[in-house]
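# Structural overview for review
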Amino acid sequence: MRNNEKTALITGATSGIGKEFARRFAALSYNLIITGRRENKINMVAEEIRKEFNVSVEVIIVELSDANELEKLIKTVENKDIDVLVNNAGFGLNAFYDEEDIDGLLKMEAVHVKAPMKITHTVLKGMIRRNNGTIINVSSDGAFLLAPKNTIYSATKAFLKTFTECLNLEMKTKGKNVKLQALCPGLTRTDFHGKMGMDKSRQVDKGMIKWNTPKFIVDCSLDALSKDNVVCIPGEKTKVLIGFLNLLPRKSYYKFMINFFKKNFNKKESKSA
Ligand SMILES: NC(=O)c1ccc[n+]([C@@H]2O[C@H](COP(=O)([O-])OP(=O)(O)OC[C@H]3O[C@@H](n4cnc5c(N)ncnc54)[C@H](OP(=O)(O)O)[C@@H]3O)[C@@H](O)[C@H]2O)c1
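This section reports on the structure supplied with the text. Model, not experiment: these values are computed from the prediction.

## Notes on the overall build of the chain
Looking only at helices and strands, the chain features nine helices and seven strands. Radius of gyration (C-alpha) of the chain: 18 Å, near the 19 Å computed for a compact globule of 273 residues. For the chain, the C-alpha atoms occupy an extent of roughly 55 × 45 × 35 Å along the three principal directions. Looking at the chain as a whole, 52% of its 273 residues qualify as buried. Carbon together with sulfur atoms contributes 54% to the accessible area of the chain, which is approximately 13,400 Å² in total. Charge centroids of the chain, computed over 44 positive and 31 negative side chains, lie 5 Å from each other.

## Thoughts on the site of the ligand
The full set close to the ligand counts 32 residues, and S15, R38, N88, Y153 and T190 are the nearest of them. At a separation of 2.7 Å, an oxygen atom of the ligand approaches a polar side-chain atom of R38. Protein chains bury 99% of the 890 Å² of accessible surface belonging to the ligand in isolation. Residue assignment for the shell around the ligand shows that the elements contributing at least two residues are α1 (16-27), α5 (151-174) and α6 (192-195). Of the residues that constitute the shell around the ligand, the class distribution is 13 nonpolar, 13 polar and six charged.

## Description of the packing of aromatic side chains
Taken as a whole and assessed by the stated rule, the structure comprises seven aromatic pairs. Geometrically, the ring pair formed by F21 and F25 is stacked, given 6.2 Å between the ring centres and 15° between the ring planes. Here F21 and its partner F25 are both found in helix α1, four residues apart, which amounts to about one turn of the helix. For the pair formed by F21 and F25, the shared burial category is buried. Considering the side-chain rings of F25 and Y30, the 5.2 Å spacing of their centres and the 80° angle between planes classify their relative orientation as edge-to-face. Classification of Y30 as buried rests on a relative accessible area of 13%.

## Observations regarding helix α7 (residues 214-226)
The terminal C-alpha atoms of α7 lie 18 Å apart, and with 13 residues this matches the ideal 18 Å at 1.5 Å per residue to within 8%. Looking one or two places after α7, you find D228, whose phi comes out positive at around 60°.

## Looking at the sheet that holds strand β1 (residues 7-10)
Sheet strands pair by backbone hydrogen bonding; their relative direction is either parallel or antiparallel. Judged by pairing direction, the sheet is parallel, and its seven strands sit side by side in the order β3-β2-β1-β4-β5-β6-β7 without closing on themselves. In the strand order of this sheet, the two ends are held by β3 (57-61) and β7 (231-232), each with one partner. Note that strand β4 (residues 84-87) and strand β5 (residues 133-138) share four bridges and pair parallel. When the bridges of β5 are listed, N87 appears paired with N137. Each of β1, β2 (31-36), β4, β5 and β6 (178-183) touches α1; the most contacted strand, β1, lies at about 175° to it.

What counts, and where the lines are drawn
Residues numbered from 1 in each chain as written. Predicted model: local features only at pLDDT ≥ 70, side-chain atom pairs only at ≥ 80, totals over all residues. Heavy atoms only, no water. Helix = DSSP H or I, 4+ residues; strand = E, 2+ residues; numbered from the N terminus. Rg over C-alpha atoms; globule rule 2.2 N^0.38 Å. Buried < 20%, exposed > 50% of the residue type's maximum accessible area, 1.4 Å probe, protein only. Areas by Shrake-Rupley, 256 points an atom, 1.4 Å probe, with all protein chains shown as cover. Lys, Arg positive; Asp, Glu negative; His and termini not counted. Charge placed at Lys NZ, Arg CZ, Asp CG, Glu CD. Near = heavy atom within 4 Å. Polar contact = N/O pair within 3.5 Å; in protein donor to acceptor, adjacent residues only side chain to side chain. Nonpolar A, V, L, I, M, F, W, Y, C, P; charged D, E, K, R; others polar. Phe/Tyr/Trp six-rings, centres within 6.5 Å; stacked < 30°, edge-to-face > 60°. Expected span 1.5 Å × (residues − 1). Pairing = 2+ DSSP bridges. Contact = heavy atoms within 4.5 Å. Axes fitted to C-alpha atoms, helices over the stretch in contact; angles between N-to-C directions.

The structure is reproduced here in structure tokens:
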């Protein structure tokens, strides 16, 4: 194992975008602390990375919606120098707000809002002291593209985007070299939609719907970091779509989205990320 000095903490690295971030920071010689819940799978990811990149990989199994488990994670990392934090863990739901169990919705708030807030608060102090650090918060195009059956998903992802942008303003105001990024991917082929019951055969490009790979998303994120772009929306098509739809008067936007949703997603499967 190399004696690396840099450490990246990545939540939700069992699969998809988090796993890709883990591989990329390992390739840049970072030691890793990765979290997840599917124990066998994340241990396999860790072993694969150790062998391929010769870095140390610590695995922490944590249910981030559980306050006690989150506290254990905080205790494990609070005395470590974390150079890169990727708040990536997240999940989707697929029901109208009134039809969804309130506990599931509050769990989403805990994973997408409380956990990133607490983890960031813990590692930011060291980053400020060392005047060096990077925090990537994985938001979503859902922060911009408001849609039915995405109410708490969009609301929590919009929180993450605003949180990131404001924190960036604070770091710049204080003159601190802590880079912030809100990464806002569109549809990406990971385990995310399968967990919501969407068949892989439905994950195909169609009209304005375009599926990306985790590799593409992480390429865009790292490129945006090198350019100091705080909000990263991977893919030209997604950028144009968000720009165009947000130019519409709100009533026209609502009409468009309701029709688009009914036509494309008002089935059992999930619709958007
Ligand atoms: N895929 C998309 O289309 C898309 C689009 C926009 C944004 N995003 C965002 O990208 C991020 C990564 O998602 P992904 O697409 O890569 O999905 P994924 O393959 O399902 O990975 C999600 C990761 O988050 C972890 N996680 C989920 N709920 C958790 C909880 N309650 N406690 C602890 N860990 C939890 C999972 O752990 P286990 O699997 O081990 O349980 C897994 O490691 C999410 O924040 C998602 O909202 C995804």
